[in-house]
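So you can see what is in the structure, the chains are spelled out below.
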Amino acid sequence: MQKLASYSGEGDFSLGKSMFQNPIESGIFSSLGHHAEVYSLPCKRSRVNAPFVFNEEVYKKQKTTIEVLPDECLFEIFRRLDGNQERSSCASVSKRWLMLLSTIRKDEISQTSENKSTHEDLENINGHLSRSLEGRKATDIRLAAIAVGTAGRGGLGKLSIRGNNIARGVTNFGLKAVARGCSSLTGLSLWNLSSVSDEGLIEIANECHHLEKLDLCKISGISNQALVAIANNCPNLTELSIESCLNIGNEGLQAIGQNCRNLKSVSLKNCPLVGDQGIATLMSSTSCSLTKLKLQALNVSDMSLAVIGHYGIAVTDLALTSLSKVTEKGFWVMGHGQGLQKLRSLTVTSCLGLTDIGVEAVGKGCPNLKQFSLRKCAFLSDNGLFSFAKSSISLESLLLEECHRVTQCGILSMLVNRDTKLKSLTLKNCLGFKDLSFKIPSSRCNTLKTLSVHNCPGFGNGSLMSFGQLCPELQHVELTGLHGITDSGFTPLINSCELGLVKVNVSGCINVTDKVVCEMSKVHGGTLEALNLNGCRITDFGISALARAVQLNLNVLSVSGCRLVSDKSLPFLLKIGRSLIGLNIQHCLGISNSSVGLLVDRLGNCDILS
């Protein structure tokens, strides 16, 4: 460097050698090698493309990106973004950015950023969007994306999470993300989430004050603590459903009853810690608003039914299932409580305490009862049914399933009651039915429109003819799995129906043949809309009889499993198909694939199952 400083520029030449003793120095100031023989004035430093080399070490310039910033800095940047759309765009950059954005609460967004938000962002808080996650799709990442993405698109209103992804399932982090970003949430359904606890639901309660519907199923990590938080922060709650939550008991229900005075619907299933105290507080606190109540497999006694009978002044729908500790006294007290004046629908299943005395009391205490369903009530007999019919004159629909002490006499005694308004009668798996020969009363039941009998082995031709004589205005007849029904029993019913049959289902009645179809086509061809003949002994002759019916307006025809129906029925099916919207010819082995193809081509407006 000393030679460079003392150089005068007056004719000094460098021939074949460098002016620098240190080759490193020459490499800094010239891109040419030291072997070049040139004359140059060192007036300007040449550009260097190679890396700087000092003491035989190479220093490379590192790239600087936003990713090197710590989470705290990114958080401060994100909360200053101008509006929901910008935050949503940033969330799609990386998983890290998405997770950071999902941790920002609404009150943590910069005031300056809020002022810059567009008019659309300010209006999109109605919560009209719905999202549902099931199985493998139920993860924290998806919940975070929903929380950030829906903020600028109307706001999330309803969220349903079902199933459990064991590897990457939903945890409290996902629920917290929803709570921070979806304050407009009104409906939340959580099913089978093993990694969710009170912490996540409490965050929902603290942030989502507009919550109206809450559904919890098989979540063992949630206890009374979370339910108390919901009660304290969500006063607009109207619907609550809790199933198989083993740690929720009386304390949580008491808080709900005392704070959520607009509660309209409550469903409690298989919660062993729920007892009489919780039900009593809930009913007494919400007596003016609660309209629907369902209790199943709870440790409640007669006291709970007494409270329901006294405080259920607004209840219209009541379902009681598998209440093993409730006795005959409980139903008797509930009926005499005089509080169920508005009850319109009552369902009792697997309650051994329901006896003839209890049913009679219910009939007297519920004057406006219109739908009554009794399933697996082993101690209900004809006497109780007759007493109930005399007191409950508003009843329109009755369902009896596996009530084996009820016989044909009990049912017919209801029908001959002059004050009856019964429109629909359904019998399922009742073994007490047997064909009895007795004189049919002269009085008629002109209100019954629908008769459904399923798998009652003793229900035969005698029972069917009795219904035909007593109920001349039947329009919907459904008889399934009744091997005792034959043409001789069904034909009188067809001829006795004065208004015309509209829907007929005789699937599984293996002794019903073409004769029934022919008679039905003649008498009710103009009114018949749906006909199900699955598994019956129907042949091509029966199909042709349908096609010859006058003014046939059949919409649905099902002959699945009728093996005697063949390709010979093709022209008749085409004629019937002019009015059909549904045709089932599955398992009709006599119909070839070519015939099926022709039906599909010709009947464009008909859905065909083959």
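Since the model is a prediction, treat every value here as computed from it, not as a measurement.

Rules and cut-offs
- The written sequence of each chain sets the order in which its residues are numbered from 1.
- Local features in a predicted model are, by the rule used here, given only for residues with pLDDT of at least 70; side-chain atom pairs are given and counted only at 80 or more, and totals for whole chains, interfaces and linings are based on all residues.
- Note that water and hydrogens are dropped before the side-chain values are worked out from all heavy atoms of the structure.
- Grouping buried Ala, Val, Leu, Ile, Met, Phe, Trp, Tyr and Cys residues that are joined through side-chain atoms within 4.5 Å yields what is termed a nonpolar core.
- Only protein chains enter the accessibility calculation, which uses a 1.4 Å probe; a residue whose area is less than 20% of its type maximum is buried, one above 50% is exposed, and one in between is partly exposed.
- Whether two residues are in contact is decided by their heavy atoms: any pair within 4.5 Å suffices.
- To qualify as a helix, a DSSP run of H or I must reach at least 4 residues; to qualify as a strand, a run of E must reach at least 2; elements of each kind are numbered from the N terminus.
- When the centres of two rings from Phe, Tyr and Trp lie within 6.5 Å, Trp using its six-membered ring, the rings pair. Their planes under 30 degrees apart give stacked, over 60 give edge-to-face, and anything left gives tilted.
- In this scheme, the term charge over a ring applies when either NZ of a lysine or CZ of an arginine sits within 6 Å of the ring centre and within 35 degrees of the ring normal.
- Each salt bridge in this description consists of a side-chain nitrogen of Lys or Arg and a carboxyl oxygen of Asp or Glu lying within 4 Å of one another.
- Patch membership needs two things, relative accessible area over 30% and no salt bridge, and members are linked within 9 Å if like-charged or within 5 Å if nonpolar (Val, Leu, Ile, Met, Phe, Trp, Tyr).
- Note on areas: Shrake-Rupley, 1.4 Å probe, and residue coverage restricted to the protein chains presented here.
- Counted as positive: Lys and Arg. Counted as negative: Asp and Glu. His and the chain ends are not counted at all.
- Each charge is placed at NZ for Lys, CZ for Arg, CG for Asp and CD for Glu.

### A short note on the nonpolar core
Phase 1 of the analysis: Counting residues in each nonpolar core, the largest one holds 158 residues, and the members touching the most others are Leu214, Ile256, Phe372, Leu400, Ile411 and Phe490.
Phase 2 of the analysis: Leave out the neighbours within four places in its chain, and leucine 214 touches Leu188, Leu201, Leu227, Ile230, Leu237, Glu239, Leu240 and Ser241.

### A look at helix H13 (residues 276-285)
Phase 1 of the analysis: Most of H13 sits out of view: 8 of its 10 residues are buried.
Phase 2 of the analysis: Burial in H13 covers these residues: Asp276, Gly278, Ile279, Ala280, Thr281, Leu282, Met283 and Ser285.
Phase 3 of the analysis: Considering only its buried residues, H13 is in contact with helix H12 (250-259), strand E8 (265-269), strand E9 (292-296) and helix H14 (302-311).

### A few points about the packing of aromatic side chains
Phase 1 of the analysis: Scanning all chains against the criterion turns up 3 aromatic pairs.
Phase 2 of the analysis: The interplanar angle of 40 degrees and the centroid separation of 4.7 Å between the aromatic rings of phenylalanine 372 and phenylalanine 388 together place this pair among those described as tilted. Of this pair, phenylalanine 372 sits in strand E12 (residues 371-375) while phenylalanine 388 is found in helix H17 (residues 382-391), placing the two residues 16 residues apart along the sequence. As far as the burial class goes, phenylalanine 372 and phenylalanine 388 line up, both buried.
Phase 3 of the analysis: Through a chain of ring-to-ring contacts, the aromatic side chains of Phe433, Phe459 and Phe467 assemble into a single cluster.
Phase 4 of the analysis: For arginine 162, the ring lying beneath its charged end belongs to tryptophan 191, and the centroid distance is 3.9 Å.
Phase 5 of the analysis: We note arginine 548 situated over the ring of phenylalanine 541; from NZ or CZ to the ring centre the distance is 5.7 Å.

### A few points about helix H9 (residues 172-181)
Phase 1 of the analysis: Here H9 lies mainly inside the structure; 8 of its 10 residues are buried.
Phase 2 of the analysis: Here H9 has its buried residues at Asn172, Gly174, Leu175, Lys176, Ala177, Val178, Ala179 and Arg180.
Phase 3 of the analysis: The secondary structure elements touched by the buried residues of H9 are helix H8 (140-149), strand E4 (156-162), strand E5 (187-191) and helix H10 (198-207).

### Quick word on the pattern of salt bridges
Once the charged atoms of two side chains with opposite charge are near each other, the side chains can pair.
Phase 1 of the analysis: In total, this model carries 6 salt bridges according to the counting rule given.
Phase 2 of the analysis: Where lysine 213 meets glutamate 239, a salt bridge forms, and the shortest distance between an N and an O atom there is 3.9 Å. Linking lysine 213 in strand E6 (residues 213-217) with glutamate 239 in strand E7 (residues 239-243), this pair joins segments that are 26 residues apart in sequence.
Phase 3 of the analysis: By relative accessible area, which is 34% here, glutamate 239 ends up partly exposed.
Phase 4 of the analysis: The residue lysine 449 makes a salt bridge to glutamate 473 at a minimum N-O spacing of 2.5 Å. Within this pair, whereas lysine 449 is found in the loop between strand E14 (424-428) and strand E15 (450-454), its partner glutamate 473 is found in the loop between helix H19 (461-470) and strand E16 (476-480), the two being separated by 24 residues in sequence.
Phase 5 of the analysis: Judged by its relative accessible area of 19%, glutamate 473 is buried.

### What about a positive patch on the surface?
Phase 1 of the analysis: Positive charge collects at one region of the surface, where Lys95, Lys137, Arg142 and Arg168 lie side by side.
Phase 2 of the analysis: Topologically, lysine 137 is positioned in the loop between strand E3 (129-134) and H8.

On their own, these measurements won't tell you what the molecule is for.
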